[in-house]
Amino acid sequence: MNYSKRRDRLADKLPPYSLFMVCSGKAPYKAGDELYPFEVNRDFYYLTGIDEPKLVYLLWKDKDGYTEELFTERFDPVMAKWVGGKIQAKEASRISGIDAYNILYLDQLDEEIGSYLNRFAAKNPALYPCLRREETAQDDDELTKRVRYLQRHYPSLKVYNASPIVTEMRLVKDAEEIKELRKGIHITNEALKLMWKNLKPGMNESEAEAWFDFTLKKERMAHSFDSIFGSGKNATVLHYASNNCVMKDGTLLLTDLGASSRHYCADISRTVPVNGTFTPRQRQIYDTVLACNRHIIDYAKNGMTLRDLHMESLRFYERELPKLGLLKRGKTVRDYYWHSVGHMLGLETHDVAIPDYTLRNGNVFTVEPGLYLEEEGIGVRIEDNVVMKNGCAEVLSAEIMKDPDEIEAFLRNK
Ligand SMILES: [Mn+2]
């Protein structure tokens with residue numbers, strides 16, 4: 001991916017005499033000498049492509065252009081023997097396109113910032129840290145600490161959050177990002193098919209999950225999030241993730257899962273009969289959810305908001321649910337469908353978003369209507385991933401089967 005180009009575009013959006021800053025983050029402490037797995041800050045990753053902890057990226061914009069610097073930890077030969085070396089300047093430069101001579105050490109950071117702020121003091125320089133809500137809530141967040149330190153030392157320094165600028169950029173995916181999403185979706189499909197081939201009544205949900213995980217492990221792909229394997233009544237619990245019940249004959253298995261390729265997250269839901277055949281009632285519910293899924297995909301156009309799509313899914317169910325014998329005795333659509341129809345997708349499963357944002361080419365999001373009938377032990381969700389192209393939604397996950405006849409044929413002939 002061309003990360004330099006992304007930073008060029010970021011610099012274009014910043015006013016002159018601003019100092020943009022983003023950190024890669026670090027793994028939280030777990031216990032003993034153990035850390036939780038490291039998850040790179042997605043804004044940092046989006047702008048540099050480097051997936052390493054404890055790095056700081058700085059972009060200084062003046063009136064003519066911008067300079068950039070990356071700060072890394074010094075090489076520690078003792079640590080290198082235990083956990084391997086830190087990323088070297090040459091490698092960081094190769095990945096990100098930042099000139100190697102602009103890659104410095106973290107202990108030089110304060111001095112560098114100080115020199116910018118002093119040199120251009122007359123121009124009222126402003127600080128643009130890229131901060132997200134979750135980070136500002138964490139006291140030990142590196143960027144939050146730096147911002148507080150700078151505010152103490154430069155009381156007149158204005159601070160603006162740069163994350164809305166980066167959010168807008170991240171919302172529009174380029175061809176290479178779409179390629180990564182397609183890779184994740186393709187492996188998700190391979191993994192689903194292997195799981196379905198091995199699916200049978202009496203099996204534990206955890207065993208089905210293990211069949212899915214096999215392909216991801218083999219392909220060295222990460223999960224976009226903790227998989228949901230809910231059979232029967234469990235499928236009506238939205239974020240059921242215990243995945244430890246025996247799947248009974250005659251029930252449906254709802255799975256919500258995905259593989260991520262270079263952090264680009266697939267997010268797919270499919271619902272299949274555990275024994276290979278839908279009951280007439282299950283089929284009725286399934287057909288309605290599928291019709292809603294297809295309707296929203298057709299309906300989506302540039303200029304609409306995700307909320308518009310959600311409202312349309314409510315109207316669709318308003319018309320269709322009475323035909324299923326639902327919406328009686330004061331029940332509303334919300335009793336059977338209480339989540340929204342979709343969310344933005346990208347470097348995060350629930351990707352960055354802007355309220356009332358109108359869809360445009362390059363946006364990627366999910367379309368995932370569901371119906372949950374707790375009393376009948378039926379939960380169905382059908383979730384696809386789509387990209388806006390030429391004003392309409394193109395399905396990225398078209399290869400993953402959702403036609404009920406096709407699903408039954410696959411499950412019977414496995
Ligand atoms: Mn989703």
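Residues numbered from 1 in each chain as written. Predicted model: local features only at pLDDT ≥ 70, side-chain atom pairs only at ≥ 80, totals over all residues. Heavy atoms only, no water.

1. As for the sheet that holds strand β11 (residues 252-257)
Across the sheet, which stays open at both edges, the three strands sit in the order β10-β11-β14 with antiparallel pairing between neighbours. At either margin of the open sheet sits one strand with a lone partner, and together these are β10 (228-231) and β14 (268-273). Neighbour-to-neighbour, the strand axes of the sheet open up by a mean angle of 15°, direction not taken into account. Relative to β14, β11 is paired through six bridges, and the arrangement is antiparallel. In the strand pairing of β14, L253 is matched with V272. Contacts between helix α10 (residues 205-218) and the sheet are confined to β10 and β11, with β10 contributing the most and set at about 140° to the helix. (Pairing = 2+ DSSP bridges. Helix = DSSP H or I, 4+ residues; strand = E, 2+ residues; numbered from the N terminus. Axes fitted to C-alpha atoms, helices over the stretch in contact; angles between N-to-C directions. Contact = heavy atoms within 4.5 Å.)

2. As for the pairing of strand β5 (residues 66-72)
Most of β5 sits out of view: five of its seven residues are buried. With three bridges connecting them, β5 and strand β6 (residues 103-105) associate as parallel partners. Residue pairing for β6: T72 is matched across the bridge by Y105. (Buried < 20%, exposed > 50% of the residue type's maximum accessible area, 1.4 Å probe, protein only.)

3. Some words on the packing of aromatic side chains
Under the defined criterion, the tally for this structure stands at 11 aromatic pairs. Three or more aromatic residues link up through ring pairs in this structure, and these residues are Y17, W60, Y116 and F120. (Phe/Tyr/Trp six-rings, centres within 6.5 Å; stacked < 30°, edge-to-face > 60°.)

4. Here we look at helix α5 (residues 109-119)
Of the residues making up α5, those classed as buried are L109, I113, G114, Y116 and L117. End-on, the buried residues of α5 take up no more than an arc of 165°, which puts them together on one face. Opposite the buried face of α5, by more than 90 degrees, sit the exposed residues E111, N118 and R119. On its buried face, α5 is in contact with β1 (18-23), β4 (56-61), β5, β6 and α7 (142-153). (Arc of directions from axis to C-beta.)

5. Thoughts on the domain arrangement of the chain
Parsing the chain into structural domains produces domain 1 (3-170) and domain 2 (172-412). The straight-line distance from the C-alpha centre of domain 1 to that of domain 2 is 36 Å. Each partner contributes to the interface: domain 1 provides 13 residues, whereas domain 2 provides 13 residues. Buried area between domain 1 and domain 2, both sides added, is near 1,100 Å², and the carbon and sulfur share of it is 48%. Looking at the side of domain 1 facing domain 2, the largest losses of area belong to R42, Y45 and R170, adding up to 49% of the total buried there. Linking domain 1 with domain 2 are four salt bridges, by the criterion used here. A salt bridge links E348 to R170, with the nearest nitrogen and oxygen atoms 2.8 Å apart. Across the domain 1-domain 2 interface, the total number found is nine residue pairs in polar contact (both at pLDDT 80 or more). Of all the secondary structure elements, the ones that give two or more residues to the side of domain 1 that touches domain 2 are α1 (3-13), α2 (42-48) and α8 (163-171). Among the residues making up the side of domain 1 that touches domain 2, the classes are represented as five nonpolar, one polar and seven charged. (Domains from an automatic or database assignment. Buried area = accessible area lost by both parts, 1.4 Å probe. Salt bridge = Lys/Arg side-chain N within 4 Å of Asp/Glu carboxyl O. Polar contact = N/O pair within 3.5 Å; in protein donor to acceptor, adjacent residues only side chain to side chain. Nonpolar A, V, L, I, M, F, W, Y, C, P; charged D, E, K, R; others polar.)

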